[in-house]
Amino acid sequence: MDVKTAFLIGDLEEEIYMDQPEGYVVQGQEKKVCRLVKSMYGLKQAPKQWHEKFDSTLLSKGFAINECDKCVYTKGNSDSFVMICLYVDDMLITGSSPRVILSIMTMLSSEFAMKDLGPLSYFLGIAVKRHSGGLFLSQRKYAAEIIERAGMSSCKSTSTPVDANPKLSAAAGAPYEDPTRYRGLAGALQYLTFTRLDITYAVQQVCLFMHDPRIEHMNAIKRIIRYIQGTLDYGLHLYPSSTSTLVSYTDADWGGCPDTRRSTSGYCMFLGNNLVSWSAKNQATLSRSSAEAEYRRVANVVSESCWLRNFLLELHCPIQKATLVYCDNISAIYLSGNPVQYQRTKHIEMDIHFVREKVAKGQVRVCHVPSRYQIADIFTKGLPAVLFEDFKDSLSVRRPPAMTAGVC
């Protein structure tokens, strides 16, 4: 659903004055100003006041605000449950039955001027297709616009978004002549990673050089676009699945940045059979060993899993089993359960205590996975084409499902 003129609904708390609008000036009182009672478009207070108005309305109707995400509202229990996800003035509504959803839609329409956009099919640039096996999320239209924007509509495709050679350096080659164009394309590619997580690592790498792009960096963006050209129809698949298990894979490329020697770390997290969270980024501090780099990544993914467990708990979908964290570094696994080599690891003591506490409580289990099956590698380094395709498929990034003949 969409809220019409959302920013005109909020009540102002501050004293704000404006000139009389053109065409509505009171004769004989031309020098007077108007005091605003309601918010309006253009005011910096407008988004906040709209959100507070929406908050107070839903709270008065018995909804609860999710403490993990203040834009998610829930009401009822597992038998009669409804959830609203708000993004500015657009919202998704889901619930335990069509009757419950319809009653909430009626209530919202009585409070605000609403537009019913029907069953979920397109939201924030992401197309959602339903099929017999689940949902398919795609940004095909947005990806095609990026290709056209780059002037590469007729380019040849490539099998991977980044090669397996050493990583880009800040001083690689001559400066690129149009930094604004570079930043625009890199920023556009960032939004594409919402459903195309197979390009997450490649996009993370080119975004490191927005302040001073070089020709080699632009060539890296062009390679990503060539890869997208050949995989334009790909997207993220979601399947009906149990929500009783939370499994994550985490990996780090120790000292991978040639300029700062900071490690590149990545993880992916599955709720049941569905990928729900992933990341690729440089670590904030230097790591003095591969074990330290890997362990910091384990700490970060455990933190993410704690947030997700709390989020699901408020949605009446508690995770009863321990979160499994798969890591391919034996030393990092030992650190999660025992104070091994204290003198070498005391500088990461907070991470050690945080993870060890979760392990001791039975909320987390850190397990070993062979490097060949460490699918988080796709977020930390360039991979050979065969391995890249294998990991991409494991992350449910595939072509759209075949549609039955005669279906629109």
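Everything discussed here concerns the structure shown above.
Here is a short report on the structure shown in this document. Everything quoted here is computed from the prediction, not taken from an experiment.

Cut-offs applied
Residues numbered from 1 in each chain as written. Predicted model: local features only at pLDDT ≥ 70, side-chain atom pairs only at ≥ 80, totals over all residues. Heavy atoms only, no water. Pairing = 2+ DSSP bridges. Helix = DSSP H or I, 4+ residues; strand = E, 2+ residues; numbered from the N terminus. Polar contact = N/O pair within 3.5 Å; in protein donor to acceptor, adjacent residues only side chain to side chain. Contact = heavy atoms within 4.5 Å. Axes fitted to C-alpha atoms, helices over the stretch in contact; angles between N-to-C directions. Core = buried A, V, L, I, M, F, W, Y, C linked by side-chain atoms within 4.5 Å. Buried < 20%, exposed > 50% of the residue type's maximum accessible area, 1.4 Å probe, protein only. Salt bridge = Lys/Arg side-chain N within 4 Å of Asp/Glu carboxyl O.

1. A few points about the sheet that holds strand E11 (residues 134-138)
Pairing is antiparallel in the open sheet, where five strands are placed in the order E9-E10-E11-E12-E18. A strand with exactly one partner marks an edge of an open sheet, and here the two such strands are strand E9 (122-123) and strand E18 (397-398). Pairing of strand E12 (residues 235-238) with E18, which is carried by two bridges, proceeds in the antiparallel orientation. Residue pairing in the sheet places glycine 235 in a bridge with arginine 398 of E18.

2. Section: the side chain of glutamine 283
Within the secondary structure, glutamine 283 is located in the loop between strand E15 (274-282) and helix H7 (290-314). At a separation of 2.9 Å, a polar atom in the side chain of glutamine 283 contacts the main-chain carbonyl oxygen of alanine 293. Discounting residues that sit within four places of it in the chain, glutamine 283 has contacts with Ala252, Arg262, Ser263, Ser265, Ala293, Arg296 and Arg297.

3. Regarding the sheet that holds E15
With respect to topology, five strands assemble into an open sheet ordered E15-E14-E13-E16-E17, the strand pairing being mixed. Since the sheet does not close on itself, it has two edges, and those belong to E15 and strand E17 (364-368), each with one partner. Averaged over all pairs of adjacent strands, the angle between their axes in this sheet comes to 20°, without regard to strand direction. By the bridge criterion, eight bridges tie strand E14 (residues 264-271) to E15 in an arrangement that is antiparallel. When the bridges of E15 are listed, serine 265 appears paired with lysine 281. Contacting strand E13 (246-253), E14, E15, strand E16 (323-327) and E17, H7 runs over the sheet at an angle of about 155° to E13.

4. Things to note about the nonpolar core
Membership of the largest hydrophobic core comes to 51 residues, with the highest contact counts inside it found for Leu189, Ile221, Ile224, Ile228, Tyr249, Cys268 and Leu395. It is helix H6 (residues 215-230) that provides the largest number of residues to this core, a total of seven residues. If we ignore the near neighbours within four places in the chain, the residues touching isoleucine 224 are Pro161, Leu189, Ile199, Ala202, Val203 and Val206. Ala6, Phe63, Val100 and Met107 belong to the second-largest nonpolar core, a separate cluster that totals 29 residues.

5. Some remarks on the pattern of salt bridges
All told, the structure shown has 16 salt bridges when counted by the stated rule. Residues glutamate 15 and arginine 35 are paired through a salt bridge, measuring 3.9 Å at the closest nitrogen-oxygen approach. Of this pair, glutamate 15 sits in the loop between strand E1 (2-3) and strand E2 (17-19) while arginine 35 sits in strand E3 (residues 33-35); the two residues are 20 residues apart in sequence, bridging distant segments of the chain. Judged by relative accessible area, glutamate 15 falls into the exposed class, the value being 53%.

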